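What follows is the residue order along each chain.
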Amino acid sequence: MRMERFFRLFRTGKPGSSTERRPPMTETALPELYWISGSPPSWRVMLGLVLKDIPFTSRRLDHGKGENRAPAYLAINPTGQVPALRHGALVLRESIAILAWLDRAWPARPLFGATVAEAAVIWPRVMAFEADLRPAATTIATTLLRNRSSERYDALAAATARYLDELDDIEHRFDEQSWLGPDGPSAADCWLYPTLGWISRALERTRDSVPAELAAHLADRPALRGWHSRFAALPGVAGTYPPHWADTPAT
Ligand SMILES: N[C@@H](CCC(=O)N[C@@H](CS)C(=O)NCC(=O)O)C(=O)O
């Protein structure tokens with residue numbers, strides 16, 4: 001294709017061209033969510049589906065039985081990771097990409113903002129969480145869950161400092177707003193909620209000692225705690241709580 005024509009097509013989105021096609025609206029089957037209980041990225045996609053009120057088929061995989069590494073799932077996602085979302089012939093992976101795609105496919109109740117101004121607030125927040133908060137939260141949760149706090153004291157202290165700095169920043173935001181998005185629960189809220197849940201779960205389950213300020217991550221931050229309760233009370237959110245956490249409460 002000549003370059004000028006390519007760019008013209010790209011700009012105008014000729015009917016029937018790839019820029020114009022809306023696959024999900026032509027699909028009748030429900031989207032299928034492949035997920036593992038307790039996986040924060042899976043949980044955030046489930047929250048997105050619930051907040052957008054999109055009916056879906058749950059395909060829970062048992063990590064303990066290696067179901068996400070079995071050929072049946074590797075045929076869907078060769079990396080073996082969750083979440084994956086299948087809709088007809090389309091398979092999507094990467095939780096944030098899935099949330100963004102859901103917003104395009106089901107535009108009602110947008111997670112990334114209804115306007116460009118809202119998108120300009122929500123997208124940077126989500127990407128900053130991925131870049132800054134995710135590595136710290138991952139170090140904290142995995143260290144605690146493996147009972148390696150003493151052994152990995154320095155790494156845990158550094159991750160804790162970074163994590164709590166981020167939470168302080170969020171705490172101040174809630175002085176003026178109820179949600180991380182400018183107009184109601186957003187993809188940023190769907191990102192944060194499972195991450196806090198994961199840290200809380202790790203704090204409950206670890207048999208090793210933990211820094212006191214980390215143990216008080218919510219207790220010390222009333223505005224964040226208020227947001228957490230508001231989010232938890234949204235329709236459908238309670239039903240997304242990782243089932244195996246409910247089955248194996250803190251010891
Ligand atoms: N960047 C990916 C991360 C996905 C990911 O790390 N998934 C983990 C669960 S939290 C997983 O599938 N682990 C199982 C495995 O790799 O066997 C996303 O956001 O979707």
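Residues numbered from 1 in each chain as written. Predicted model: local features only at pLDDT ≥ 70, side-chain atom pairs only at ≥ 80, totals over all residues. Heavy atoms only, no water.

A. Spotlight on the pairing of strand β2 (residues 57-61). Of the pairings in the sheet, the one linking strand β1 (residues 32-36) to β2 comprises 5 bridges and is parallel in character. Opposite Tyr 34, over in β2, you have Arg 59 as the bridge partner. The β-α-β motif built from β1, the intervening helix α3 (residues 40-51) and the parallel element β2 has right-handed crossover chirality. (Pairing = 2+ DSSP bridges. Helix = DSSP H or I, 4+ residues; strand = E, 2+ residues; numbered from the N terminus. Right-handed = clockwise from strand over helix to strand, strands pointing away.)

B. Expanded view of the packing of α3 against helix α8 (residues 187-205). Look at α3 against α8: their axes get within 8 Å of each other, and the N-to-C directions meet at 135°. Classified by the interaxial angle, the pair formed by α3 and α8 is oblique. Regarding α3 and α8, the two cross each other, and that crossing is right-handed. Contact residues: Pro 40, Trp 43, Arg 44, Leu 47, Gly 48 and Leu 51 in α3; Cys 190, Trp 191, Tyr 193, Pro 194, Gly 197 and Trp 198 in α8. (Axes fitted to C-alpha atoms, helices over the stretch in contact; angles between N-to-C directions. Parallel < 35°, antiparallel > 145°, perpendicular 65-115°, else oblique. Left-handed = near helix turned anticlockwise from the far one by under 90°. Contact = heavy atoms within 4.5 Å.)

C. Spotlight on empty space enclosed by the protein. Inspection of the entire model under this criterion finds 1 cavity of 30 Å³ or more. Of the voids in this model, the largest cavity is the one considered here, and its volume is about 50 Å³. Taken together, Trp 35, Ile 36, Ser 37, Gly 38, Ser 39, Ser 42, Trp 43, Met 46, Thr 240 and Pro 242 make up the full set of residues lining the largest cavity. In terms of residues, the lining of the largest cavity owes the most to one element, α3, which gives 3 residues. (1 Å grid on protein atoms, 1.4 Å probe; cavity = no way out; pocket = protein on both sides within 12 Å on 5 of 7 lines; lining within 4 Å. Points joined across faces, edges and corners; volume = space filled by probe spheres on them.)

D. Broad picture of the packing of aromatic side chains. With the rule as written, the count across this model stands at 13 aromatic pairs. Geometrically, the ring pair formed by Phe 112 and Trp 123 is stacked, given 4.2 Å between the ring centres and 20° between the ring planes. With Phe 112 in the loop between α5 (95-105) and α6 (116-145) and Trp 123 in helix α6, the pair connects residues that are 11 residues apart, well separated along the chain. With a relative accessible area of 6%, Phe 112 lands in the buried category. Both rings, one in Trp 179 and one in Phe 231, keep their centres 6.5 Å apart while their planes meet at 65°; by these two values the pair is edge-to-face. (Phe/Tyr/Trp six-rings, centres within 6.5 Å; stacked < 30°, edge-to-face > 60°. Buried < 20%, exposed > 50% of the residue type's maximum accessible area, 1.4 Å probe, protein only.)

E. Local environment of α5. α5 sits mainly inside the fold: 9 of its 11 residues count as buried. Every buried residue of α5 is listed here: Ser 95, Ile 96, Ile 98, Leu 99, Ala 100, Trp 101, Leu 102, Asp 103 and Ala 105.

F. Quick look at the site of the ligand. Residues in close proximity to the ligand include Ser 39, Pro 41, Arg 44, His 63, Asn 68, Arg 69, Gln 81, Val 82, Pro 83, Glu 94 and Ser 95, which together make up its full environment. For the ligand, whose accessible area on its own is 510 Å², the fraction buried by protein is 73%. Within the shell around the ligand, the residues separate by chemical class into 3 nonpolar, 5 polar and 3 charged. (Near = heavy atom within 4 Å. Areas by Shrake-Rupley, 256 points an atom, 1.4 Å probe, with all protein chains shown as cover. Nonpolar A, V, L, I, M, F, W, Y, C, P; charged D, E, K, R; others polar.)

G. Structural context of the nonpolar core. Of all hydrophobic cores here, the largest spans 46 residues; its most connected members are Phe 112, Tyr 163, Ile 170, Leu 192, Leu 224, Trp 227 and Phe 231. Residue assignment for this core shows that the elements contributing at least two residues are α3, α5, α6, α7 (153-173), α8 and α10 (222-232). The leading source of residues in this core is α8, at 11 residues. Here this core spans two domains, and each of domain 1 (12-105) and domain 2 (116-238) adds at least three residues to it. (Core = buried A, V, L, I, M, F, W, Y, C linked by side-chain atoms within 4.5 Å. Domains from an automatic or database assignment.)

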